[in-house]
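Structural characterization, general
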Amino acid sequence: MRSTLRKTVLTLTALAAGVTGAVAATPAQAATQAADAGCVTGAKLVPTCGVLWGGAAGGFTSAPRDQALKTWEKASGRTASIFHQYHKGNEPFPTKAEIAMTTDAARPRVLLENWKIAYGTTWAAVAKGQQDKRIDAFAARAKAYGKKFFLVLNHEPENDVVAKAGSGMEAKDFAAMYRHTILRLRAQGVTNVVNVLAYMGNEKWMAQSWWKDLYPGDDVVDWMGLDSYVSVEKGYYHFGDFSALLDRKAKGGAQGWYDWAVTKHAGKPVMIAEWGAYHRVGKKADKSFVYNSVVEQLKKRSAIKAIVHFDTKHDDEGDRDISIDSTPASLASFKKLAANPIFNVKIG
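Cut-offs applied
- Residues numbered from 1 in each chain as written.
- Predicted model: local features only at pLDDT ≥ 70, side-chain atom pairs only at ≥ 80, totals over all residues.
- Heavy atoms only, no water.
- Helix = DSSP H or I, 4+ residues; strand = E, 2+ residues; numbered from the N terminus.
- Buried < 20%, exposed > 50% of the residue type's maximum accessible area, 1.4 Å probe, protein only.
- Contact = heavy atoms within 4.5 Å.
- Areas by Shrake-Rupley, 256 points an atom, 1.4 Å probe, with all protein chains shown as cover.
- Polar contact = N/O pair within 3.5 Å; in protein donor to acceptor, adjacent residues only side chain to side chain.
- Pairing = 2+ DSSP bridges.
- Right-handed = clockwise from strand over helix to strand, strands pointing away.
- Disulfide = S-S within 2.5 Å.
- Salt bridge = Lys/Arg side-chain N within 4 Å of Asp/Glu carboxyl O.
- Axes fitted to C-alpha atoms, helices over the stretch in contact; angles between N-to-C directions.
- Parallel < 35°, antiparallel > 145°, perpendicular 65-115°, else oblique.
- Nonpolar A, V, L, I, M, F, W, Y, C, P; charged D, E, K, R; others polar.
- pLDDT = per-residue confidence, 0-100.
- Arc of directions from axis to C-beta.

Turning our eyes to something else, we now look at the overall build of the chain. Secondary structure assignment for the chain yields 13 helices and nine strands. The burial tally for the chain puts 51% of its 348 residues in the buried class. When contacts within the chain are restricted to residue pairs at least 6 apart in sequence, long-range pairs at least 24 apart make up 77% of them. Per element, the accessible surface of the chain, about 15,900 Å² overall, is 55% carbon and sulfur.

The next thing to look at is the side chain of threonine 41. Tracing the backbone shows threonine 41 in the loop between helix H2 (27–37) and strand E1 (52–57). Judged by its relative accessible area of 9%, threonine 41 is buried. Side-chain polar atoms of threonine 41 contact the backbone nitrogen of glycine 348, separated by 2.6 Å. Ignoring anything within four residues of it in the chain, the contact list for threonine 41 reads Val46, Pro47, Leu52, Val345, Lys346, Ile347 and Gly348.

Further remarks concern the pairing of strand E4 (residues 149–153). Two faces make up the sheet, and in a regular strand the side chains alternate between them. In terms of residue burial, E4 counts as a mostly covered element, since five of its five residues are buried. Burial of the side chains of E4 extends over both faces: Phe149, Leu151 and Leu153 are buried on one face and Phe150 and Val152 on the other. As defined by bridge partners, strand E3 (residues 110–116) adjoins E4 across four bridges and the pair is classed as parallel. When the sheet's bridge partners are listed, leucine 112 is paired in E4 with phenylalanine 150. Sheet topology places E4 next to strand E5 (residues 193–199); four bridges connect them, and they run parallel. Of the residues in E5, the one forming a bridge with leucine 151 is asparagine 195. The handedness of the E4 to E5 crossover, carried by helix H7 (residues 171–187), is right-handed.

For the structure on display, the rule yields one disulfide. The residue that forms a disulfide with cysteine 39 is cysteine 49, at a sulfur-sulfur distance of 2.0 Å. Taking the sign of the S-S torsion, -110° for the link of cysteine 39 and cysteine 49, the bridge is left-handed. Placement of the pair is cysteine 39 in the loop between H2 and E1 and cysteine 49 in the loop between H2 and E1, with a sequence separation of 10 residues. Classification of cysteine 39 as buried rests on a relative accessible area of 7%.

The next thing to look at is the pattern of salt bridges. Using the criterion set out here, one finds 12 salt bridges in the structure. Where arginine 184 meets aspartate 132, a salt bridge forms, and the shortest distance between an N and an O atom there is 3.3 Å. With a gap of 52 residues between them, arginine 184 in helix H7 and aspartate 132 in helix H6 (residues 132–145) connect regions that are remote in the sequence. For aspartate 132, a relative accessible area of 15% gives the class buried.

Looking now at the packing of helix H3 (residues 65–76) against helix H13 (residues 328–338). At their nearest, the axes of H3 and H13 sit 8 Å apart, and the two run at 90° to each other. As summarised for this structure, H3 and H13 are arranged roughly perpendicular, according to the angle between their axes. Seen from H3, the contacting residues are Trp72, Ala75 and Ser76; seen from H13, they are Leu331, Phe334, Lys335 and Ala338. Residue classes in the contact of H3 with H13 are distributed as five nonpolar, one polar and one charged.

Residues with a pLDDT of 70 or more make up 89% of the chain, whose mean pLDDT is 90. Every residue in residues 1–23 is under pLDDT 50, and counting partners more than four places away or in other chains gives zero contacts. Of the regions scoring below 50 in pLDDT, residues 25–35 engages in 15 contacts with residues more than four places distant in sequence or in other chains.

Turning our attention to the environment of glycine 38. Turning to its location among the elements, glycine 38 is positioned in the loop between H2 and E1. Here the alpha-carbon distance between glycine 38 and threonine 48, two residues 10 residues apart in the chain, equals 8.0 Å. With residues up to four places along the chain from it excluded, the contact list for glycine 38 reads Thr48 and Cys49.

When you tally the buried positions in strand E8 (residues 304–311), you get seven out of eight residues, the bulk of the element. Pairing of E1 with E8 involves six bridges; the strand directions are parallel. Residue pairing across strands places alanine 56 opposite phenylalanine 310, the latter belonging to E8.

Below, the discussion takes up helix H10 (residues 257–264). Taken as a whole, H10 has its buried residues at Trp257, Tyr258, Trp260 and Ala261. Burial along H10 is one-sided: seen end-on, the buried residues are contained in an arc of 165°. On its buried face, H10 is in contact with E5, helix H8 (203–206), strand E6 (223–231), helix H9 (242–246), strand E7 (270–280) and E8.

See the structure below:
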(Lines give C-alpha, C1' and ligand atoms only; values in the text may rest on other atoms or scores of the structure.)
Protein backbone atom coordinates (compact mmCIF):
# COMPACT_ATOMS: atom_id res chain seq x y z
CA MET A 1 0.00 0.00 0.00
CA ARG A 2 2.76 2.44 1.00
CA SER A 3 4.69 1.63 -2.19
CA THR A 4 1.59 2.21 -4.34
CA LEU A 5 0.78 5.46 -2.54
CA ARG A 6 4.36 6.70 -2.97
CA LYS A 7 4.28 5.92 -6.69
CA THR A 8 0.97 7.78 -7.02
CA VAL A 9 2.39 10.85 -5.27
CA LEU A 10 5.50 10.80 -7.45
CA THR A 11 3.41 10.48 -10.58
CA LEU A 12 1.19 13.41 -9.59
CA THR A 13 4.27 15.47 -8.74
CA ALA A 14 5.79 14.74 -12.13
CA LEU A 15 2.56 15.64 -13.89
CA ALA A 16 2.32 18.85 -11.92
CA ALA A 17 5.90 19.69 -12.86
CA GLY A 18 5.08 19.06 -16.51
CA VAL A 19 2.09 21.38 -16.36
CA THR A 20 4.12 24.03 -14.57
CA GLY A 21 6.86 23.75 -17.16
CA ALA A 22 4.39 24.51 -19.92
CA VAL A 23 3.54 27.87 -18.36
CA ALA A 24 5.84 30.84 -19.06
CA ALA A 25 7.98 31.53 -16.00
CA THR A 26 7.73 34.83 -14.19
CA PRO A 27 11.02 36.72 -13.65
CA ALA A 28 11.17 35.46 -10.06
CA GLN A 29 10.52 31.86 -11.18
CA ALA A 30 13.20 32.17 -13.86
CA ALA A 31 15.71 33.25 -11.22
CA THR A 32 14.77 30.23 -9.09
CA GLN A 33 15.09 27.88 -12.05
CA ALA A 34 18.53 29.29 -12.79
CA ALA A 35 19.62 28.67 -9.21
CA ASP A 36 18.29 25.13 -9.41
CA ALA A 37 20.23 24.54 -12.63
CA GLY A 38 23.42 25.68 -10.91
CA CYS A 39 24.48 28.15 -13.60
CA VAL A 40 26.05 31.16 -11.90
CA THR A 41 28.47 33.93 -12.84
CA GLY A 42 32.05 33.97 -11.59
CA ALA A 43 34.72 36.58 -10.86
CA LYS A 44 34.73 37.88 -14.44
CA LEU A 45 30.97 37.42 -14.81
CA VAL A 46 31.52 34.31 -16.95
CA PRO A 47 28.69 31.83 -16.36
CA THR A 48 29.66 28.36 -15.18
CA CYS A 49 27.12 27.01 -17.66
CA GLY A 50 24.52 28.45 -19.97
CA VAL A 51 24.57 31.87 -21.63
CA LEU A 52 23.80 35.31 -20.19
CA TRP A 53 20.76 36.97 -21.77
CA GLY A 54 20.79 40.74 -22.24
CA GLY A 55 19.04 43.63 -23.87
CA ALA A 56 19.22 47.28 -24.88
CA ALA A 57 15.88 48.83 -25.79
CA GLY A 58 14.58 52.21 -26.91
CA GLY A 59 17.61 52.95 -29.06
CA PHE A 60 17.56 56.24 -31.02
CA THR A 61 14.44 57.39 -29.19
CA SER A 62 13.80 59.72 -26.26
CA ALA A 63 12.34 56.92 -24.14
CA PRO A 64 14.03 56.38 -20.75
CA ARG A 65 16.19 53.31 -21.29
CA ASP A 66 15.24 51.64 -18.03
CA GLN A 67 11.54 51.84 -18.83
CA ALA A 68 12.17 50.77 -22.42
CA LEU A 69 14.01 47.68 -21.20
CA LYS A 70 11.21 46.77 -18.80
CA THR A 71 8.71 47.02 -21.68
CA TRP A 72 10.99 44.84 -23.82
CA GLU A 73 11.36 42.31 -21.01
CA LYS A 74 7.60 42.08 -20.65
CA ALA A 75 7.18 41.55 -24.39
CA SER A 76 9.92 38.91 -24.57
CA GLY A 77 8.96 37.12 -21.37
CA ARG A 78 12.36 37.14 -19.67
CA THR A 79 14.32 39.55 -17.49
CA ALA A 80 17.51 40.71 -19.20
CA SER A 81 20.43 39.54 -17.06
CA ILE A 82 22.50 42.22 -18.83
CA PHE A 83 21.23 45.83 -19.02
CA HIS A 84 23.11 47.58 -21.83
CA GLN A 85 23.71 51.34 -21.59
CA TYR A 86 25.68 53.99 -23.53
CA HIS A 87 27.69 57.00 -22.32
CA LYS A 88 30.29 59.44 -23.59
CA GLY A 89 32.85 61.89 -22.29
CA ASN A 90 32.21 63.25 -18.81
CA GLU A 91 28.69 61.87 -18.45
CA PRO A 92 28.38 60.51 -14.89
CA PHE A 93 27.52 56.85 -14.67
CA PRO A 94 26.33 54.47 -13.34
CA THR A 95 23.23 56.65 -13.16
CA LYS A 96 20.50 56.46 -10.52
CA ALA A 97 18.27 54.59 -12.96
CA GLU A 98 21.05 52.11 -13.82
CA ILE A 99 21.75 51.52 -10.14
CA ALA A 100 18.05 50.93 -9.47
CA MET A 101 17.78 48.49 -12.36
CA THR A 102 20.74 46.47 -11.11
CA THR A 103 19.76 46.37 -7.44
CA ASP A 104 16.30 44.93 -8.06
CA ALA A 105 16.40 41.66 -6.09
CA ALA A 106 13.34 40.26 -7.88
CA ARG A 107 14.93 40.83 -11.31
CA PRO A 108 18.72 40.38 -11.07
CA ARG A 109 20.62 42.31 -13.73
CA VAL A 110 24.22 43.35 -14.37
CA LEU A 111 25.28 46.52 -16.20
CA LEU A 112 27.01 46.61 -19.57
CA GLU A 113 28.31 50.17 -19.99
CA ASN A 114 29.60 51.48 -23.32
CA TRP A 115 31.83 54.52 -22.78
CA LYS A 116 33.25 56.72 -25.52
CA ILE A 117 35.91 58.06 -23.21
CA ALA A 118 37.69 60.10 -25.90
CA TYR A 119 34.55 62.08 -26.78
CA GLY A 120 35.59 65.63 -27.70
CA THR A 121 39.24 64.67 -28.01
CA THR A 122 41.25 61.75 -29.49
CA TRP A 123 42.38 58.29 -28.51
CA ALA A 124 45.98 59.47 -28.58
CA ALA A 125 45.18 62.28 -26.15
CA VAL A 126 43.63 59.81 -23.70
CA ALA A 127 46.66 57.52 -24.02
CA LYS A 128 48.94 60.47 -23.18
CA GLY A 129 47.07 61.10 -19.94
CA GLN A 130 45.16 64.17 -21.06
CA GLN A 131 41.86 62.74 -19.82
CA ASP A 132 43.10 61.24 -16.56
CA LYS A 133 40.73 63.44 -14.55
CA ARG A 134 37.88 61.94 -16.55
CA ILE A 135 39.16 58.43 -15.86
CA ASP A 136 39.69 59.12 -12.15
CA ALA A 137 36.18 60.57 -11.76
CA PHE A 138 34.76 57.42 -13.31
CA ALA A 139 36.99 55.27 -11.08
CA ALA A 140 35.50 56.89 -7.99
CA ARG A 141 31.96 56.29 -9.22
CA ALA A 142 32.72 52.68 -10.15
CA LYS A 143 34.13 51.95 -6.71
CA ALA A 144 31.16 53.62 -5.03
CA TYR A 145 28.79 51.49 -7.12
CA GLY A 146 30.55 48.40 -5.81
CA LYS A 147 28.85 45.74 -7.94
CA LYS A 148 30.66 44.02 -10.79
CA PHE A 149 29.76 45.30 -14.23
CA PHE A 150 30.90 45.12 -17.85
CA LEU A 151 32.71 48.06 -19.45
CA VAL A 152 33.21 48.56 -23.19
CA LEU A 153 35.59 51.35 -24.19
CA ASN A 154 34.55 52.91 -27.52
CA HIS A 155 32.49 50.08 -28.97
CA GLU A 156 32.93 49.38 -32.69
CA PRO A 157 36.26 51.24 -32.92
CA GLU A 158 36.82 50.20 -36.55
CA ASN A 159 34.22 52.72 -37.64
CA ASP A 160 36.08 55.57 -35.90
CA VAL A 161 39.59 54.87 -37.18
CA VAL A 162 41.24 57.69 -39.13
CA ALA A 163 44.09 55.87 -40.84
CA LYS A 164 46.29 58.94 -41.18
CA ALA A 165 49.56 59.53 -39.34
CA GLY A 166 49.13 62.08 -36.58
CA SER A 167 45.33 61.95 -36.55
CA GLY A 168 45.30 60.62 -33.02
CA MET A 169 42.64 58.16 -34.16
CA GLU A 170 44.73 55.45 -35.77
CA ALA A 171 44.14 51.83 -34.79
CA LYS A 172 47.31 51.85 -32.67
CA ASP A 173 45.96 54.91 -30.83
CA PHE A 174 42.82 52.97 -29.90
CA ALA A 175 44.92 50.16 -28.45
CA ALA A 176 47.03 52.66 -26.49
CA MET A 177 43.91 54.45 -25.19
CA TYR A 178 42.37 51.17 -24.10
CA ARG A 179 45.53 50.03 -22.27
CA HIS A 180 46.05 53.37 -20.56
CA THR A 181 42.45 53.55 -19.33
CA ILE A 182 42.27 50.03 -17.95
CA LEU A 183 45.67 50.22 -16.29
CA ARG A 184 44.81 53.55 -14.69
CA LEU A 185 41.51 52.20 -13.40
CA ARG A 186 43.38 49.31 -11.84
CA ALA A 187 45.93 51.69 -10.33
CA GLN A 188 43.01 53.61 -8.79
CA GLY A 189 41.87 50.42 -7.08
CA VAL A 190 38.92 49.60 -9.33
CA THR A 191 38.30 45.86 -9.09
CA ASN A 192 34.65 45.55 -10.12
CA VAL A 193 35.03 46.44 -13.82
CA VAL A 194 35.05 43.57 -16.34
CA ASN A 195 36.48 44.71 -19.68
CA VAL A 196 34.91 43.89 -23.04
CA LEU A 197 36.43 44.81 -26.40
CA ALA A 198 33.46 45.12 -28.78
CA TYR A 199 34.25 44.91 -32.51
CA MET A 200 31.95 45.44 -35.49
CA GLY A 201 33.41 42.40 -37.21
CA ASN A 202 32.53 43.84 -40.62
CA GLU A 203 34.24 42.36 -43.70
CA LYS A 204 35.39 45.78 -44.88
CA TRP A 205 37.21 46.55 -41.66
CA MET A 206 38.65 43.07 -41.19
CA ALA A 207 40.38 43.49 -44.57
CA GLN A 208 42.23 46.65 -43.51
CA SER A 209 45.95 46.41 -42.82
CA TRP A 210 45.45 48.23 -39.53
CA TRP A 211 42.72 45.94 -38.18
CA LYS A 212 45.12 43.81 -36.16
CA ASP A 213 46.58 46.95 -34.52
CA LEU A 214 43.33 47.61 -32.65
CA TYR A 215 43.95 44.86 -30.10
CA PRO A 216 45.40 46.27 -26.85
CA GLY A 217 46.63 43.00 -25.31
CA ASP A 218 45.21 39.97 -23.54
CA ASP A 219 46.18 41.38 -20.13
CA VAL A 220 43.66 44.23 -20.41
CA VAL A 221 40.83 42.41 -22.20
CA ASP A 222 38.52 40.12 -20.21
CA TRP A 223 35.91 39.35 -22.91
CA MET A 224 35.94 39.45 -26.70
CA GLY A 225 32.84 41.25 -27.95
CA LEU A 226 30.99 41.54 -31.26
CA ASP A 227 28.26 43.93 -32.44
CA SER A 228 26.65 42.36 -35.50
CA TYR A 229 23.27 42.17 -37.25
CA VAL A 230 21.56 40.23 -40.03
CA SER A 231 18.91 41.09 -42.59
CA VAL A 232 15.77 38.99 -43.03
CA GLU A 233 15.10 40.33 -46.53
CA LYS A 234 16.48 37.97 -49.16
CA GLY A 235 18.95 39.69 -51.40
CA TYR A 236 19.41 42.60 -48.99
CA TYR A 237 22.65 43.55 -47.24
CA HIS A 238 23.83 40.87 -44.78
CA PHE A 239 20.92 38.47 -45.24
CA GLY A 240 21.31 35.37 -43.10
CA ASP A 241 20.63 33.61 -39.81
CA PHE A 242 22.47 33.89 -36.48
CA SER A 243 25.54 32.05 -37.81
CA ALA A 244 25.98 34.67 -40.54
CA LEU A 245 26.68 37.46 -38.06
CA LEU A 246 29.36 35.32 -36.39
CA ASP A 247 31.16 34.20 -39.53
CA ARG A 248 31.76 37.36 -41.53
CA LYS A 249 35.29 37.52 -42.86
CA ALA A 250 37.38 39.66 -45.13
CA LYS A 251 37.20 38.79 -48.80
CA GLY A 252 39.66 35.97 -49.34
CA GLY A 253 40.14 35.64 -45.58
CA ALA A 254 40.54 32.25 -43.96
CA GLN A 255 38.51 32.89 -40.80
CA GLY A 256 35.29 34.55 -39.81
CA TRP A 257 35.17 36.80 -36.75
CA TYR A 258 34.20 34.09 -34.25
CA ASP A 259 36.87 31.65 -35.43
CA TRP A 260 39.45 34.45 -35.38
CA ALA A 261 38.54 35.39 -31.81
CA VAL A 262 38.68 31.86 -30.39
CA THR A 263 41.90 31.07 -32.28
CA LYS A 264 43.90 34.24 -31.72
CA HIS A 265 42.58 34.82 -28.22
CA ALA A 266 41.85 31.31 -27.00
CA GLY A 267 40.28 31.10 -23.58
CA LYS A 268 38.57 34.49 -23.76
CA PRO A 269 34.80 34.34 -23.32
CA VAL A 270 32.83 35.82 -26.21
CA MET A 271 29.95 38.26 -25.85
CA ILE A 272 27.64 39.15 -28.70
CA ALA A 273 27.32 42.64 -27.25
CA GLU A 274 24.77 43.78 -29.82
CA TRP A 275 22.76 41.60 -32.15
CA GLY A 276 19.45 41.62 -33.93
CA ALA A 277 17.57 40.86 -37.13
CA TYR A 278 16.31 43.68 -39.31
CA HIS A 279 14.20 44.53 -42.30
CA ARG A 280 13.81 47.93 -43.87
CA VAL A 281 11.20 50.16 -42.29
CA GLY A 282 7.94 49.49 -44.08
CA LYS A 283 9.24 46.21 -45.58
CA LYS A 284 7.85 43.73 -43.06
CA ALA A 285 9.49 40.32 -43.10
CA ASP A 286 9.39 37.41 -40.67
CA LYS A 287 12.46 37.20 -38.40
CA SER A 288 11.62 33.76 -37.04
CA PHE A 289 14.30 31.87 -38.96
CA VAL A 290 16.98 34.00 -37.31
CA TYR A 291 15.61 33.59 -33.78
CA ASN A 292 15.07 29.87 -34.35
CA SER A 293 18.75 29.42 -35.26
CA VAL A 294 20.25 31.01 -32.14
CA VAL A 295 20.27 28.14 -29.63
CA GLU A 296 21.71 25.64 -32.11
CA GLN A 297 24.59 28.01 -32.83
CA LEU A 298 25.21 28.67 -29.14
CA LYS A 299 25.48 24.95 -28.49
CA LYS A 300 28.01 24.64 -31.31
CA ARG A 301 30.08 27.65 -30.20
CA SER A 302 30.90 27.12 -26.57
CA ALA A 303 32.99 30.29 -26.23
CA ILE A 304 29.85 32.44 -26.47
CA LYS A 305 28.84 33.21 -22.90
CA ALA A 306 26.50 36.18 -23.41
CA ILE A 307 24.19 37.62 -26.06
CA VAL A 308 22.66 41.11 -25.83
CA HIS A 309 19.83 42.07 -28.18
CA PHE A 310 19.60 45.67 -29.41
CA ASP A 311 15.98 46.65 -30.00
CA THR A 312 14.76 49.64 -31.98
CA LYS A 313 12.11 50.47 -34.57
CA HIS A 314 14.57 52.75 -36.39
CA ASP A 315 18.36 52.40 -36.43
CA ASP A 316 20.81 55.32 -36.50
CA GLU A 317 20.21 55.75 -40.24
CA GLY A 318 16.45 55.56 -39.75
CA ASP A 319 15.77 52.82 -42.27
CA ARG A 320 16.13 49.51 -40.41
CA ASP A 321 13.67 47.95 -37.98
CA ILE A 322 15.50 45.77 -35.43
CA SER A 323 12.55 45.26 -33.09
CA ILE A 324 11.42 41.83 -31.92
CA ASP A 325 7.73 42.57 -32.52
CA SER A 326 7.69 43.92 -36.08
CA THR A 327 5.46 40.95 -36.98
CA PRO A 328 3.38 38.64 -34.73
CA ALA A 329 5.30 35.58 -35.93
CA SER A 330 8.62 37.26 -35.13
CA LEU A 331 7.55 38.05 -31.59
CA ALA A 332 6.26 34.52 -31.01
CA SER A 333 9.59 33.07 -32.14
CA PHE A 334 11.57 35.51 -30.00
CA LYS A 335 9.51 34.63 -26.93
CA LYS A 336 10.24 30.97 -27.58
CA LEU A 337 13.95 31.77 -27.80
CA ALA A 338 13.86 33.81 -24.59
CA ALA A 339 12.20 30.93 -22.73
CA ASN A 340 15.00 28.50 -23.52
CA PRO A 341 16.65 27.18 -20.31
CA ILE A 342 20.12 27.82 -21.75
CA PHE A 343 19.63 31.40 -20.51
CA ASN A 344 18.84 30.38 -16.93
CA VAL A 345 21.94 31.92 -15.37
CA LYS A 346 21.98 33.40 -11.88
CA ILE A 347 23.97 36.61 -11.44
CA GLY A 348 26.45 35.73 -8.68
